[in-house]
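Spelled out, the chains give:
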Amino acid sequence: MFAGASELARLIDHTLLRATATPADIELLCGEAVQYGFYSVCVNPCHVTRAAAFLKDTEVKVCSVIDFPLGAGTLGIKALEGMEAVRNGAHELDVVMNIGLFKARMYEDVALELFDFIRLSPDAVHKVIIETCYLTDAEKAGAAKLVSELGAEFVKTSTGFGPSGATVEDIILIKENIDRNTKIKASGGIRDLATLVSMVQAGAERIGTSCGSMIMDEFERGHKSNGDQFGR
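A few points on the structure. (Residues numbered from 1 in each chain as written. Predicted model: local features only at pLDDT ≥ 70, side-chain atom pairs only at ≥ 80, totals over all residues. Heavy atoms only, no water.)

**Some details on the sheet that holds strand β3 (residues 61-66)**
Pairing is parallel in the closed barrel, where 8 strands are placed in the order β1-β2-β3-β4-β5-β6-β7-β8. The mean inter-strand angle of the sheet, taken between neighbouring strand axes irrespective of direction, is 25°. As paired strands, strand β1 (residues 12-16) and strand β2 (residues 40-43) are joined by 4 bridges and run parallel to one another. Residue Leu16 lies in a different strand from β2, and its bridge partner there is Val43. (Pairing = 2+ DSSP bridges. Helix = DSSP H or I, 4+ residues; strand = E, 2+ residues; numbered from the N terminus. Axes fitted to C-alpha atoms, helices over the stretch in contact; angles between N-to-C directions.)

Given below as structure tokens:
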């Protein structure tokens, strides 16, 4: 599936969103991202400036989560948090959809909030987290369609803070309900290479994981011991 380690690494948003993450932890995360060639680091807003400074003059992007992990903030705060993250050096914004409003079928309110969020941070890539673990299949399909129609670049499955994360079935369902310009980020519970491969095969084009380094090491061990276990 992967031509080499670099192709695998460029799928990964190397993630550290723990409340206990220290500046030293963030610098370690960034160092690993450079070492392995990950697409981005994904950090809480308070760490964006530090990550951006560390990763200056590298190819690694900075991603920040917005209104995380509940998605229950007001539009004004959501938009302000996103704009500040961009000013501080974030290239991508993973914003949590208002799940309660969506489940109440207040679709216009949800759409307006996300539309304004996207409009007010035009230079960023937007990944909308729909938190699949709280949705029925019909709601997952509707949320994916809504996000795609609003022009967000990605539908993201999960925060990783809910009772469950990404599943292959959810990736397939989301894929069926988005247009060709919308991509899928799978996140939540992706801790090994086999799980990552299954998500990519189902249609995910970005992977959020806090286990990026371990997955890359597993990939390299597989090549050494089995020739090309996870290659083409």
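And the narrative resumes.
**A word on helix α7 (residues 137-150)**
Between its first and last C-alpha atoms α7 spans 20 Å; for 14 residues at 1.5 Å apiece the expected length is 20 Å, and the two agree. The complete set of buried residues in α7 reads Glu139, Lys140, Ala141, Ala143, Ala144, Leu146, Val147 and Ser148. On the buried face of α7, the contacting elements are α5 (99-103), α6 (107-119), β5 (125-129), β6 (154-156) and α8 (168-175). (Expected span 1.5 Å × (residues − 1). Buried < 20%, exposed > 50% of the residue type's maximum accessible area, 1.4 Å probe, protein only. Contact = heavy atoms within 4.5 Å.)

**What about the side chain of Ser121?**
Mapping Ser121 onto the fold places it in the loop between α6 and β5. When near neighbours in sequence (up to four residues on either side) are disregarded, Ser121 contacts Val86, Leu93 and His126.

**Brief notes about the pairing of β5**
By the criterion of burial, β5 is predominantly enclosed, with 4 of the 5 residues buried. Pairing of strand β4 (residues 92-96) with β5 involves 5 bridges; the strand directions are parallel. For Val95, the partnering residue across the bridge sits in β5 and is Val128. Sheet analysis places β5 next to β6, joined by 3 bridges and oriented parallel. Residue pairing for β6: Lys127 is matched across the bridge by Phe154. With α7 bridging β5 and its parallel neighbour β6, the resulting β-α-β unit is right-handed. (Right-handed = clockwise from strand over helix to strand, strands pointing away.)

**As for the nonpolar core**
Within soluble globular proteins, side chains that are nonpolar tend to cluster in buried spots. Val41 and Leu196 are the most contacted members of the largest nonpolar core, which has 69 residues in total. Considering each element in turn, this core owes the most residues, 6 residues, to helix α9 (residues 193-202). Apart from the residues lying within four places of it in its own chain, the contact partners of Val41 are His14, Leu29, Cys30, Ala33, Ala51, Leu55, Val60, Lys61, Val62 and Cys63. (Core = buried A, V, L, I, M, F, W, Y, C linked by side-chain atoms within 4.5 Å.)

**Things to note about the pattern of salt bridges**
Taken as a whole and judged by the stated rule, the model has 17 salt bridges. Asp94 is the salt-bridge partner of Lys156, the closest N and O atoms lying 2.9 Å from each other. Of this pair, Lys156 sits in strand β6 while Asp94 sits in strand β4, and the two are 62 residues apart along the sequence. A salt bridge links Arg119 to Asp116; its shortest N-O distance comes to 3.5 Å. (Salt bridge = Lys/Arg side-chain N within 4 Å of Asp/Glu carboxyl O.)

**Brief notes about α6**
Taking 1.5 Å of rise per residue, 13 residues should cover 18 Å, and α6 covers 18 Å from first to last C-alpha, within 8% of that figure. Taken together, the buried positions of α6 are Val110, Ala111, Glu113, Leu114, Asp116, Phe117 and Ile118. As for α6, its buried residues are in contact with β3, α4 (75-87), β4, α5, β5 and α7.

**Here's the deal with the packing of aromatic side chains**
Within a pair of aromatic rings, the relevant descriptors are the distance that separates the centres and the angle that separates the planes. As enumerated under the stated definition, the model contains 4 aromatic pairs in all. Arranged with centres 5.2 Å apart and planes meeting at 85°, the rings of Phe68 and Phe161 form a pair that is edge-to-face. Of the two residues, Phe68 is situated in the loop between β3 and α4 and Phe161 in the loop between β6 and α8; the sequence distance between them amounts to 93 residues. Taking the relative accessible area as the measure of exposure, Phe68 reaches 18% and is therefore buried. Exposure remark for Phe161: the relative accessible area of 48% places this residue in the partly exposed category. Sitting over the face of the ring of Phe154, Lys127 holds its NZ or CZ atom 5.9 Å from the ring centroid. Its end group placed over the ring of Tyr39, Arg206 keeps NZ or CZ at 3.9 Å from the ring centre. (Phe/Tyr/Trp six-rings, centres within 6.5 Å; stacked < 30°, edge-to-face > 60°. Lys NZ or Arg CZ within 6 Å of the ring centre and 35° of its normal.)

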